[in-house]
Amino acid sequence: MMKTDTIAAIATGMANSGIGIIRLSGPDSIEIADRIYRSKNNKKKLMDQKSHTVHYGFIYDEEMLLDEVMVVLMKAPNSFTAEDTVEINCHGGMLVMKKILEAALKNGARAAEPGEFSKRAFLNGRIDLTKAEAVMDLISSENDYAMQASLHQLKGTIYEKIVDLRKKIIYEIAFIESALDDPEHISTEGYAEKLSLVVDGLLKELFLLIRSFDNGKIVKEGIHAVIVGKPNAGKSSLLNKLLGEEKAIVTEIEGTTRDVLEQYINLDGIGIHLMDTAGIRSTEDVVEKIGVDKAKEQILNGDVIIYMVDSSGDFDENDKNILKLLSGKKSIILLNKSDLNTVITYEDMKKMCEDFIDEYQIIQTSMTEDTGISELEEALKEMFITGKISMNEELTITNVRHKEALCLAEESLKLVLKSIEDEMPEDFYSIDLMSAYQALGNMIGEEVGEDLVNEIFSKFCMGK
């Protein structure tokens with residue numbers, strides 16, 4: 001149930017900045033704003049002004065002047081929430097913003113809950129759930145691809161696709177129900193074969209959407225690149241080179257890194273989470289063993305594994321064990337210390353990789369002479385852009401909730417095909433078709449309970 005009172009919140013970041021915005025939304029927002037706003041000549045009332053206009057003036061708490069402001073007026077239904085909305089643009093000091101918010105609350109507004117403005121926009125039919133979630137994804141975007149995916153979703157492309165799929169499903173449900181109600185005039189002869197073709201087409205569309213989630217997850221969260229290797233292979237030096245600063249401790253003592261050190265870089269619009277891990281080797285040291293176990297765990301979760309090999313030393317049993325861990329993982333092998341006498345050649349490494357890894361590149365590097373770094377960066381970008389880990393112009397699912405809804409719809413449609421194969425009565429088709437229809441409705445908010453709505457919007461920031 002939506003609350004219909006007037007809410008207020010600071011809509012900009014809680015830090016000192018040039019401009020701050022206090023947002024009010026609800027039936028009394030303009031009246032409340034009028035209680036604290038005074039125009040330059042103190043004769044203008046916001047209630048009497050046209051929608052989508054800007055007004056210069058001052059904000060007062062009773063007789064205390066708080067700030068010089070510009071007030072934006074948006075009357076229902078032509079606002080983000082589809083309610084009367086007022087946005088007070090003030091100076092961006094934290095104290096100033098808090099004082100103006102307190103004045104609004106004192107004069108009849110209620111402090112907004114996290115995401116309540118977006119929640120009202122959804123409940124008032126202004127946006128669907130996929131667009132609402134796209135707003136939050138856009139705010140939290142860390143790279144160009146994530147931003148583009150959020151904007152794509154915000155334009156309604158996913159919503160339109162789901163609506164189209166639901167129309168196809170409800171058409172078949174309506175036909176079945178009509179045929180069951182009026183069998184004399186509506187024949188179901190040959191319908192099972194026709195429905196089978198329709199469901200096959202729907203399943204193909206769902207498959208493409210579900211498959212896009214793996215790419216979508218990377219688009220949204222960035223690439224998780226795990227740096228592994230034996231102790232003293234140059235892993236921490238590589239991290240520092242990629243970051244352009246000394247974040248990891250580098251010494252000649254083996255086993256300096258005992259825990260996972262995570263850092264983030266933006267590489268030409270691609271978000272990359274770099275994980276520097278402990279050197280992997282057989283050890284009896286309890287603390288070092290914990291670090292080794294954590295490194296192995298990171299390999300399982302990584303999108304790309306950067307395996308550093310000391311090309312000036314022997315390829316021993318520890319190296320072979322690391323290669324086995326990379327089975328099934330996209331990997332970049334760095335033959336490091338190429339400035340020293342080389343023991344492991346490119347050809348040697350390629351032969352060993354072919355026994356364990358399907359997708360890999362080998363690059364010769366030297367952390368001392370700064371060679372191979374640009375080649376590594378290009379390899380990471382190429383892996384992302386060429387489609388091994390890709391983002392393209394097709395619809396991309398980036399939200400786990402959306403994937404789950406699509407998977408439920410897929411399972412329901414598969415049951416329809418099973419019923420057709422088993423020559424079950426038509427009403428069995430209708431049951432599973434309706435389940436698929438409802439699952440997709442849950443994705444866009446057409447078939448969604450109040451608890452789920454509250455959970456989704458509780459994750460939003462306070463003024464959104």
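Residues numbered from 1 in each chain as written. Predicted model: local features only at pLDDT ≥ 70, side-chain atom pairs only at ≥ 80, totals over all residues. Heavy atoms only, no water.

Engineer: Please clarify how helix 4 (residues 129–139) should be interpreted in this entry.
Structural biologist: Along an α-helix, a turn takes 3.6 residues, which lines up residues three or four apart on a common side. Counting buried positions along helix 4 yields eight of 11 residues, so the element is predominantly enclosed. Taken together, the buried positions of helix 4 are Leu129, Thr130, Ala132, Glu133, Ala134, Val135, Met136 and Asp137. (Buried < 20%, exposed > 50% of the residue type's maximum accessible area, 1.4 Å probe, protein only. Helix = DSSP H or I, 4+ residues; strand = E, 2+ residues; numbered from the N terminus.)

Engineer: Just checking my understanding: could you explain the pattern of salt bridges for this structure?
Structural biologist: A side chain with one charge can pair with a side chain of the opposite charge if their charged atoms come near. According to the stated counting rule, one finds 19 salt bridges in the structure shown. Between Lys241 and Asp370 there is a salt bridge; the shortest N-O distance is 2.5 Å. On the criterion of sequence distance, the pair formed by Lys241 in helix 8 (residues 235–243) and Asp370 in the loop between strand 13 (360–364) and helix 12 (373–385) is long-range, its members being 129 residues apart. Exposure remark for Lys241: the relative accessible area of 34% places this residue in the partly exposed category. Note on Asp370: relative accessible area 47%, which makes it partly exposed. Residues joined in a network through salt bridges with shared partners are Asp5, Glu83, Arg110, Glu116 and Arg120. (Salt bridge = Lys/Arg side-chain N within 4 Å of Asp/Glu carboxyl O.)

Engineer: What am I meant to see in the pairing of strand 6 (residues 85–92) here?
Structural biologist: Remark: a regular strand shows side chains that alternate across the two faces of the sheet. Most of strand 6 sits out of view: six of its eight residues are buried. Strand direction decides the pairing type here: strand 2 (residues 17–25) and strand 6, joined by eight bridges, are antiparallel. Residue pairing for strand 6: Ile19 is matched across the bridge by His91. Both strand 5 (residues 64–74) and strand 6 contribute to a ladder of five bridges, which runs antiparallel. By the bridge assignment for strand 6, Val71 is matched with Ile88. (Pairing = 2+ DSSP bridges.)

Engineer: What exactly am I supposed to notice about the sheet that holds strand 8 (residues 223–229) here?
Structural biologist: Strand pairs in the sheet, formed through backbone hydrogen bonds, run parallel or antiparallel to each other. With mixed pairing, six strands are arranged side by side in an open sheet as 9-10-8-11-12-13. Single-partner strands in this sheet number two, and they are strand 9 (261–267) and strand 13. This sheet shows a mean twist of 25° between the axes of neighbouring strands, independent of strand direction. Sheet strands in contact with helix 8 are strand 8, strand 9, strand 10 (270–276), strand 11 (304–310) and strand 12 (330–336), and its direction is about 35° off that of strand 9. Against the sheet, helix 11 (residues 346–354) engages strand 11, strand 12 and strand 13, with an angle of about 160° to strand 13. (Axes fitted to C-alpha atoms, helices over the stretch in contact; angles between N-to-C directions. Contact = heavy atoms within 4.5 Å.)

Engineer: Could you clarify how one ought to interpret the pairing of strand 8 in this entry?
Structural biologist: Burial runs high along strand 8: seven of the seven residues are buried. Burial along strand 8 is two-sided: Ile223, Ala225, Ile227 and Gly229 facing one way and His224, Val226 and Val228 facing the other are all buried. As judged from the five bridges shared by strand 8 and strand 10, these two strands associate in the parallel manner. Its bridge partner being in strand 10, Ile223 is matched across the sheet by Ile272. Of the strand pairs in this sheet, strand 8 and strand 11 are connected by five bridges, and their pairing is parallel. Across the sheet, residue Ala225 finds its bridge partner in strand 11, namely Val304.

Engineer: I keep staring at the packing of aromatic side chains and nothing clicks. Help me out?
Structural biologist: Per the counting criterion, the structure on display carries two aromatic pairs. An angle of 65° between the planes, with centres 5.6 Å apart, marks the rings of Tyr56 and Phe58 as edge-to-face. Taking relative accessible area as the criterion, Tyr56 reaches 31% and is therefore assigned partly exposed. One Lys or Arg, Arg23, reaches over the ring of Phe117 and ends 5.2 Å from the middle of that ring. (Phe/Tyr/Trp six-rings, centres within 6.5 Å; stacked < 30°, edge-to-face > 60°. Lys NZ or Arg CZ within 6 Å of the ring centre and 35° of its normal.)

Engineer: Would you explain the environment of Gly279 in this entry?
Structural biologist: Locating Gly279 in the fold gives a position in the loop between strand 10 and helix 9 (286–301). Gly279 sits 52 residues away from Ile227 along the chain, and the two C-alpha atoms are 9.6 Å apart.

Engineer: What is the right way to look at unusual backbone geometry in this model?
Structural biologist: With the exception of glycine, the majority of residues adopt a negative phi angle, and the majority of peptide bonds are in the trans configuration. Residue Pro77 is reached from Ala76 by a cis peptide bond, and omega for that bond is 0°. With respect to the element layout, Pro77 can be found in the loop between strand 5 and strand 6. Although it is not a glycine, Ala82 sits at a positive phi angle of roughly 70°. Residue placement: Ala82 occurs in the loop between strand 5 and strand 6. One non-glycine residue, Asn232, lies in positive phi territory at about 65°. On the secondary structure map, Asn232 appears in the loop between strand 8 and helix 8. A relative accessible area of 28% means that Asn232 is categorised as partly exposed.

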